[in-house]
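Single-letter residue listing:
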Amino acid sequence: MEAVMRLARERGVVIFTKSSCCMCYAVKILFHDLGVNPMVHELDQNPEGREMEKALMRLGCTTPVPAVFIGGLFVGSTNEVMSLHLGGSLNPLLKPYRALS
Amino acid sequence: WVLEFAFSRFTIICFSTISYGDSSLFIVFTIMVYGILLPFSSTNSVSISLCLVVGHEDQRLGGAERLTTSMNMSASSTQFMTSRRIVLPIHQVNMWANAFKDDNSPNTGTSTILEVDAKFDNKSEDTSHGSLGPLNNYDQEATKPPNKVSDGHDYIADWEVMSGEMMARFIPSTYEDESFVKLKTLRQGQSRSVDDYASDFCMLLSRVVLSESVAQRDLRRLAQNREAAKKSRLRKKAYVQQLETSRSKLTQIEQELQRARQQGLLVGGALDTSHLGFSGTVNSGVATFEMGYSNWIDEQDRHIRELRTALQAHVSEDELRILVDSGMRHYYDLFRMKADAAKADVFYLMSGMWKSPAERFFLWIGGFRPSELLKVLTPQLDPLSEQQIGAVYNLQVSSQQFEDALYQGMAKLQQTLAESLATDPLGAGNYRSQMATAMGKLEDLVTFVNQADQLRQQTLKQMSRILTTRQAARGLLALGDYFQRFRALSSLWAARPREPT
């Protein structure tokens, strides 16, 4: 869990994924479209991957990936990101982390 | 004053003036009279005012008349006690009574009205009970200790206890149920102010226990059991129906096969039936969905008719709200059905076989594409406020961004699936593990279809939050009508006259 939280605080937008997961890919694309460059951690490429996966499940996701953290805080999985975005709350959250272009 | 009081309320008044010493007997007497007269009251919401007028010596009333008790029954059909009279604790009355007892001199100077408003039910035997026990303290012979009354009950010195006792004994058994129904059906209406409505609401709320009683829980469980039984009956029916269809299809194909063999068209080998749309396995999940969807369409047509009539007739906002809520719930039902079908056969959903052909042309991950729908239908919602226009536009943009992300994810899925199947057939690769990977990819497809349906549902919900009730009603009508036309178009197209071949 500490590994998860430590990594989650390293950057403004952090996503935990698995290389085989296509939904994770979709979420990555969404964030790119919104102008942020998230830090992606692939659990299957990480030696501590299994532990981190369990920790993410304990945070309340039905699926461990994709798991999105913004500003060090756990936002949720695809559904939560979608609800936030449709409700108009995602963009304000991402504002401080937009890539300066 | 007394006459005015009486005439204003269609009362039966028992006036009796007796000397003070007999007051306790008098009170018992009038309570008995009450009991006798009570069955003649018209409704069970009889309000009775027990007025004890403690008066001072007054030339008009006559010297001996220190205590006048008047009780009146009014068969008013007020359903709420809209006025709360000030009720004084009984022991204070007792104090005054004692003052009279000890002090024979007139003019204690206070003329007070003690009123107790209570609702009597028809249990008249309760009234002559010790329920008004503390009043018996007026008994002259009382040398009792101050905390016990003549029939041995504890002296009630506290208002809370008193009111609890009276509520327990006098409030009719249906009171709470009636209050609950009133609370549910309470409306501000055209003529009442918000304050009146709010105060009625709070008052009813304080009288009603909103948690589920045992009886309600049992009723709910019975209803749920009935629903579950109904559902399984429907599933069984669908299953049987599919069995029948499959059987007839099977005989049909065998005949064709026979014919084809006779004509030498087939050399033998496995007959690939999958392209005929008959998988050879009976899928009850799909059959259930097909039946459910057919019912859903019928319901939907009814909803659309109701919305159209309601909007043309300019019904009240409350009625529109009910229609909008049930219309939204109907869509949520569809998404639930689709989720179950996705688990049973995701390709069935992806192929859109359940939709009419013209609808299939617009298929996007197993259903409609939210941003496109918003673009098409928003003009019909005019007039929209500036804020609403902005909100709808933002919703459209957000939905489109999410749709793009999903679609690219699907493309990636296709790519990886293709790669996992396109390995060297002559190579040393492990067929089994490659198939396992491919199976995993197909599981991902289920996730995508579900997420697309979630997107559709959330978009609908968000729209219902942005719009007013009337706009939402028009939106639902527009949406339903739109798809209805697609279905009609499909039928027209299928029935169109074609060139003879």
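The structure we're discussing is the one just above.
Values in this document were obtained by computation on a predicted structure and should not be read as measured data. (Residues numbered from 1 in each chain as written. Chains lettered and ligands numbered in written order. Predicted model: local features only at pLDDT ≥ 70, side-chain atom pairs only at ≥ 80, totals over all residues. Heavy atoms only, no water.)

For the rest of this paragraph, the subject is the overall build of chain B. Regarding its fold elements, chain B presents 16 helices and 4 strands. Across the 501 residues that make up chain B, the buried fraction comes to 36%. Nonlocal contacts in chain B, meaning residues at least 24 apart in sequence, comprise 78% of its contacts between residues at least 6 apart. Total accessible area on chain B stands at roughly 30600 Å², and carbon and sulfur atoms take up 57% of it. (Helix = DSSP H or I, 4+ residues; strand = E, 2+ residues; numbered from the N terminus. Buried < 20%, exposed > 50% of the residue type's maximum accessible area, 1.4 Å probe, protein only. Contact = heavy atoms within 4.5 Å. Areas by Shrake-Rupley, 256 points an atom, 1.4 Å probe, with all protein chains shown as cover.)

Attention now goes to helix α4 (residues 78-86) of chain A. Buried residues of α4 of chain A: T78, V81, M82, H85 and L86 of chain A, and no others. All buried residues of α4 of chain A project into a common sector of 125° when viewed along the axis, lining one side. Tucked into the core, α4 of chain A has its buried residues touching α2 (22-33), β3 (67-70), β4 (73-76) and α5 (90-94) of chain A together with α14 (386-421) and α15 (431-466) of chain B. (Arc of directions from axis to C-beta.)

The next thing to look at is the interface of chain A and chain B. Taken residue by residue, the interface counts 17 residues in chain A and 23 residues in chain B. For the pair chain A and chain B, the two sides together bury roughly 1700 Å², of which 69% comes from carbon and sulfur. Interface area lost by chain A to chain B is led by C22, M82 and L86 of chain A, which between them contribute 36%. Between chain A and chain B we count 0 salt bridges in total. Taken together, chain A and chain B are joined by 4 residue pairs in polar contact (both at pLDDT 80 or more). Secondary structure elements with two or more residues in the side of chain A that touches chain B: α2 and α4 of chain A. (Buried area = accessible area lost by both parts, 1.4 Å probe. Salt bridge = Lys/Arg side-chain N within 4 Å of Asp/Glu carboxyl O. Polar contact = N/O pair within 3.5 Å; in protein donor to acceptor, adjacent residues only side chain to side chain.)

On the surface, F201, L205 and L210 of chain B cluster together into a nonpolar patch covering about 250 Å² of accessible area. Within the secondary structure layout, F201 of chain B lies in helix α7 (residues 194-207). (Patch = residues over 30% accessible without salt bridge, like charges linked within 9 Å, V, L, I, M, F, W, Y side chains within 5 Å.)

Right, let's talk about the sheet that holds strand β2 (residues 39-42) of chain A for a bit. Residues and elements named next belong to chain A. Taken in spatial order, the 4 strands line up as β2-β1-β3-β4 in an open sheet, and their pairing is mixed. Each having just a single partner strand, β2 and β4 make up the two edges of the open sheet. With direction set aside, neighbouring strand axes in the sheet form an average angle of 25°. Pairing analysis gives 4 bridges linking strand β1 (residues 13-17) to β2, with the strands arranged parallel. When the sheet's bridge partners are listed, I15 is paired in β2 with V40. In the packing of α2 onto the sheet, the strands contacted are β1, β2 and β3, and the crossing angle to β1 comes to about 165°. (Pairing = 2+ DSSP bridges. Axes fitted to C-alpha atoms, helices over the stretch in contact; angles between N-to-C directions.)

Another aspect to go through is the pairing of β1 of chain A. Summarising burial for β1 of chain A: 5 of the 5 residues are buried, a large majority. Both faces of β1 of chain A are covered, namely the face carrying V13, I15 and T17 of chain A and the face carrying V14 and F16 of chain A.

Residue and element names in this part refer to chain B. Note that G480 resides in helix α16 (residues 469-494). Each C-alpha atom, one on G480 and one on Q300, is 7.3 Å from the other, the two residues being 180 residues apart in sequence. Beyond its immediate sequence surroundings of up to four residues, G480 is in contact with Q300, I304 and Y331.

On to helix α8 (residues 214-262) of chain B, then. All names here are of chain B. End to end, α8 covers 72 Å across 49 residues, agreeing with the expected 72 Å (1.5 Å per residue, within 8%). For α8, the full list of buried residues reads A238, S246, I253 and A260. The inward-facing, buried residues of α8 abut α9 (284-312). (Expected span 1.5 Å × (residues − 1).)

The next point concerns unusual backbone geometry. Of note, the bond from V65 of chain A into P66 of chain A is cis; its omega dihedral lies within 30 degrees of zero at -5°. Positionally, P66 of chain A belongs in the loop between α3 (49-58) and β3. Of note, the amide linkage connecting D382 of chain B to P383 of chain B takes the cis form, showing an omega dihedral of 0°. Tracing the sequence through the fold places P383 of chain B in the loop between α13 (370-377) and α14. Positive phi outside glycine occurs at H314 of chain B, with the angle close to 55°. Along the chain, H314 of chain B turns up in the loop between α9 and α10 (317-344). Residue classification places H314 of chain B among the exposed positions, given a relative accessible area of 63%. Phi is positive for I365 of chain B, close to 45°, though the residue is something other than glycine. Mapped onto the elements, I365 of chain B comes out in the loop between α12 (357-360) and α13.

All right, on to the environment of S399 of chain B then. Checked against the element boundaries, S399 of chain B lands in helix α14. A C-alpha to C-alpha distance of 9.5 Å links S399 of chain B and L374 of chain B, two positions 25 residues apart in sequence.

Side chains that differ in sign of charge can pair as their charged atoms come close. Residues and elements named next belong to chain B. Going through the model one piece at a time under the given rule, you end up with 23 salt bridges over all chains. Between R336 and D333 there is a salt bridge; the shortest N-O distance is 2.4 Å. Of this pair, R336 and D333 both sit in helix α10, separated by 3 residues, roughly a single helical turn. Judged by relative accessible area, which is 53%, R336 ranks as exposed.

F16, F31, V68, F69 and L94 of chain A together with L406 and F448 of chain B are the most contacted members of the largest nonpolar core, which totals 90 residues. The greatest single-element share of this core, amounting to 10 residues, is contributed by α10 of chain B. What F31 of chain A contacts, discounting residues up to four positions off in sequence, is V13, I15, V36, P38, V68, V81 and L94 of chain A. (Core = buried A, V, L, I, M, F, W, Y, C linked by side-chain atoms within 4.5 Å.)

Let's shift gears to the packing of aromatic side chains. Under the defined criterion, the tally for this structure stands at 14 aromatic pairs over all chains. On the basis of an interplanar angle of 80° and a centroid distance of 5.6 Å, the ring pair of F16 of chain A and F69 of chain A is categorised as edge-to-face. Taken as a pair, F16 of chain A in strand β1 and F69 of chain A in strand β3 lie far apart in primary sequence, 53 residues in all. Neither residue differs from the other here; F16 of chain A and F69 of chain A are each classed as buried. A ring pair is formed by F361 of chain B and F362 of chain B, whose centres lie 5.2 Å apart and whose planes are at 75°; its orientation type is edge-to-face. For F362 of chain B, a relative accessible area of 46% translates into the label partly exposed. Taken together, the aromatic side chains of F289, Y293, W296, Y331, Y348 and W354 of chain B make up a single cluster linked through ring pairs. Note that R456 of chain B overlies the ring of F368 of chain B, its terminal NZ or CZ placed 5.8 Å from the centroid. (Phe/Tyr/Trp six-rings, centres within 6.5 Å; stacked < 30°, edge-to-face > 60°. Lys NZ or Arg CZ within 6 Å of the ring centre and 35° of its normal.)

The quantities given are spatial measurements derived from coordinates; they are silent on function.
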